[in-house]
Amino acid sequence: MYGDTSIQKPIKIAEPTSAEQAKLEEIFQQKIDDDIKIEPQEWMPAAYRKTLVRQMSQHAHSEVIGMQPEGNWLTRAPSLRRKVILLAKIQDEGGHGLYIYSAAETLGTSRAEMIEQLQSGKAKYSSIFNYPALTWADMGTIGWLVDGAAITNQVALSRGSYGPYSRAMIRICKEESFHQRQGYELLLTLSKGTKEQKEMLQESVNRFWWPSLMMFGPNDANSPHSAQSMKWKIKKKSNDQLRQEFIDATVPQAEFLGITLPDPDLKWNEERGHYDYGAIDWEEFGNVINGNGPCNKQRIANHIKAHEDGAWVREAAAAYAEKQQKKQVA
Ligand code: 3HC
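None of the values given here were measured: they were computed from a predicted structure.

Participant: An account of the site of the ligand is needed here, citing residue identities and associated values.
Facilitator: Around the ligand, the structure places 31 residues, and the nearest of them are Glu-93, Lys-124, Glu-176, Ser-223 and His-225. Within the contact set of the ligand, an oxygen atom lies 3.0 Å away from a side-chain nitrogen or oxygen of Gln-58. Pro-224 places a main-chain nitrogen or oxygen 3.3 Å from an oxygen atom of the ligand. For the ligand, whose accessible area on its own is 1,000 Å², the fraction buried by protein is 91%. Sorting elements by how many residues they give to the shell around the ligand places helix H2 (residues 46-65) first, with 6 residues.

Participant: Which residues make up the environment of Tyr-165, and what values do they have?
Facilitator: Among the structural elements, Tyr-165 can be located in helix H7 (residues 163-191). A relative accessible area of 3% means that Tyr-165 is categorised as buried. Sequence-wise, Tyr-165 and Thr-106 are 59 residues apart; in three dimensions their C-alpha atoms are separated by 9.7 Å. Non-local contacts of Tyr-165, meaning those with residues more than four positions away in its chain, are made with Leu-52, Gln-55, Met-56, His-59, Ile-100, Ala-103 and Leu-157.

Participant: Account for the packing of helix H5 (residues 111-120) against helix H12 (residues 296-309), naming residues and giving values.
Facilitator: Two elements in contact, H5 and H12, have axes separated by 9 Å at closest approach and are oriented at 140 degrees. Classed by the angle they form, the pair H5 and H12 counts as oblique. The residues of H12 that touch H5, namely those facing Ile-115, Leu-118 and Gln-119, are Ile-300, His-303, Ile-304 and His-307. Looking at the contact of H5 with H12, its residues break down into 4 nonpolar, 3 polar and no charged.

Participant: Can you explain the nonpolar core? Please cite residues and give values.
Facilitator: By size, the foremost hydrophobic cluster in this structure holds 74 residues, and its most contacted members are Tyr-48, Met-56, Trp-144 and Tyr-162. With 9 residues, helix H6 (residues 137-157) is the largest single contributor of residues to this core.

Participant: Report on unusual backbone geometry, specifying residues and quantitative values.
Facilitator: For Asp-35, which is not glycine, the phi torsion reads 55 degrees and is therefore positive. Its place among the elements puts Asp-35 in the loop between helix H1 (18-33) and H2. If you check the backbone angles, Lys-233 has positive phi at about 55 degrees while not being a glycine. Mapped onto the fold, Lys-233 is located in the loop between helix H9 (226-231) and helix H10 (239-257).

Participant: Would you mind going over the pattern of salt bridges in detail, with residue names and values included?
Facilitator: What the rule picks out here adds up to 20 salt bridges. Among the salt bridges present, the one from Asp-276 reaches Arg-272, with a minimum N-O distance of 2.8 Å. Asp-276 gets classed as partly exposed once you look at its relative accessible area, which sits at 23%. Taking relative accessible area as the criterion, Arg-272 reaches 40% and is therefore assigned partly exposed.

Participant: Describe the packing of aromatic side chains, and please don't skip the residues or the numbers.
Facilitator: Applying the stated rule across the entire model yields 9 aromatic pairs. Look at Tyr-48 and Trp-232: their rings are 5.5 Å apart centre to centre, the planes differ by 90 degrees, and that puts the pair in the edge-to-face class. Taken together, the residues Tyr-48 in helix H2 and Trp-232 in the loop between H9 and H10 connect sequence positions 184 residues apart. Summarising the burial analysis for this pair, Tyr-48 and Trp-232 share the class buried. Both rings, one in Trp-282 and one in Phe-285, keep their centres 5.2 Å apart while their planes meet at 90 degrees; by these two values the pair is edge-to-face. Linking Trp-282 with Phe-285, this pair stays in helix H11 (residues 282-292), spanning 3 residues, or about one helical turn. Of the residues examined, Trp-282 reaches a relative accessible area of 25% and is grouped as partly exposed. Take Phe-285: its relative accessible area is 11%, and that puts it in the buried class. Chaining the aromatic ring pairs together yields one cluster made of Phe-28, Trp-43, Tyr-48 and Trp-232. If you follow Arg-76 out to its NZ or CZ, it ends over the ring of Trp-73, 3.9 Å from the centre.

Participant: Please provide a residue-by-residue account of H2, values included.
Facilitator: Between its terminal C-alpha atoms H2 stretches 28 Å, which fits the 28 Å expected from 20 residues at 1.5 Å a residue. Among the 20 residues of H2, 15 are classified as buried, and the element is accordingly described as predominantly covered.

What counts, and where the lines are drawn
- Residues numbered from 1 in each chain as written.
- Predicted model: local features only at pLDDT ≥ 70, side-chain atom pairs only at ≥ 80, totals over all residues.
- Heavy atoms only, no water.
- Near = heavy atom within 4 Å.
- Polar contact = N/O pair within 3.5 Å; in protein donor to acceptor, adjacent residues only side chain to side chain.
- Areas by Shrake-Rupley, 256 points an atom, 1.4 Å probe, with all protein chains shown as cover.
- Helix = DSSP H or I, 4+ residues; strand = E, 2+ residues; numbered from the N terminus.
- Buried < 20%, exposed > 50% of the residue type's maximum accessible area, 1.4 Å probe, protein only.
- Contact = heavy atoms within 4.5 Å.
- Axes fitted to C-alpha atoms, helices over the stretch in contact; angles between N-to-C directions.
- Parallel < 35°, antiparallel > 145°, perpendicular 65-115°, else oblique.
- Nonpolar A, V, L, I, M, F, W, Y, C, P; charged D, E, K, R; others polar.
- Core = buried A, V, L, I, M, F, W, Y, C linked by side-chain atoms within 4.5 Å.
- Salt bridge = Lys/Arg side-chain N within 4 Å of Asp/Glu carboxyl O.
- Phe/Tyr/Trp six-rings, centres within 6.5 Å; stacked < 30°, edge-to-face > 60°.
- Lys NZ or Arg CZ within 6 Å of the ring centre and 35° of its normal.
- Expected span 1.5 Å × (residues − 1).

Laid out in structure tokens, this is it:
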């Protein structure tokens, strides 16, 4: 039905004529509409490739930068059990980053190029990681709210049109579920603790609630990428749909913890079948994603230092790979 649109390498492919391009785009969109996964070797519109590299590389950056706030608390975990859980989670996040970088590389952009875009500020990463983790309760709140928001988003992404990205999400979502559970369990412990522990819990949620809602991106009306990403099924649900889904699932969990969410307008709307919620501070959001959040500079500086400190590992791996290749050829 679709004909063979796989790109035969290494012959140089002549640019298609406009009629051929239109035909290719028609076949491509038909595949998307029929929920056929698009694979790396297949023809795809340059704009589809471009927006996938943008989103996937920024997703991977988010996973790796997200290791920093939690890494700060590893040496201060209150017990060996908590330390081991946090260590496992942080290692998972690093693995998620590598997973998604590898999926993004199937689109022809190198890891080095993506890292350069991150470190130079050309590429974004999730706004949430530009907020500081100030107390131990933040380790629970990040797991519960940030990973909870990430799962809401990533379950939808696991049904997306680009094969390698959607498949990467399956394993990542399973691990995120552990992240969300361990965070919630940490907060449940605090919610049954001393007065100070309950205060620390509430104060942490007060700081992370609104930035967690911002993770889903601007309102649909102000999202320049959403319409096209929905047409291409890169996004299966809109920013506002996912945000609402997250709020509806999270409010009852907050009630179980015995805390109040810092939004006086938050209340169940029987008619809508959803929670109504207050206005998000989009000015704050804009500041943070444009590099002026509380921790932006520190996060990038740390990333650059870690990348430079780790250069010897990359050089050794490359030298070893070259030696192995020479052995095979010899
Ligand atoms: N933080 C930073 N930038 C954001 C953002 C956020 N929370 N929300 C939106 N933006 C940026 C977009 O990247 C885009 O900028 P760009 O053109 O320079 O890339 C601009 O704001 C407009 O937003 P759109 O809604 O039009 O952009 P998208 O269609 O790309 O939607 C998104 C934004 C919902 C974040 C989407 O990119 C997405 O689903 N990304 C994949 C999931 C992801 O990145 N999650 C980040 C969290 S990962 C994580 O939490 C790790 C977990 O283990 C804890």
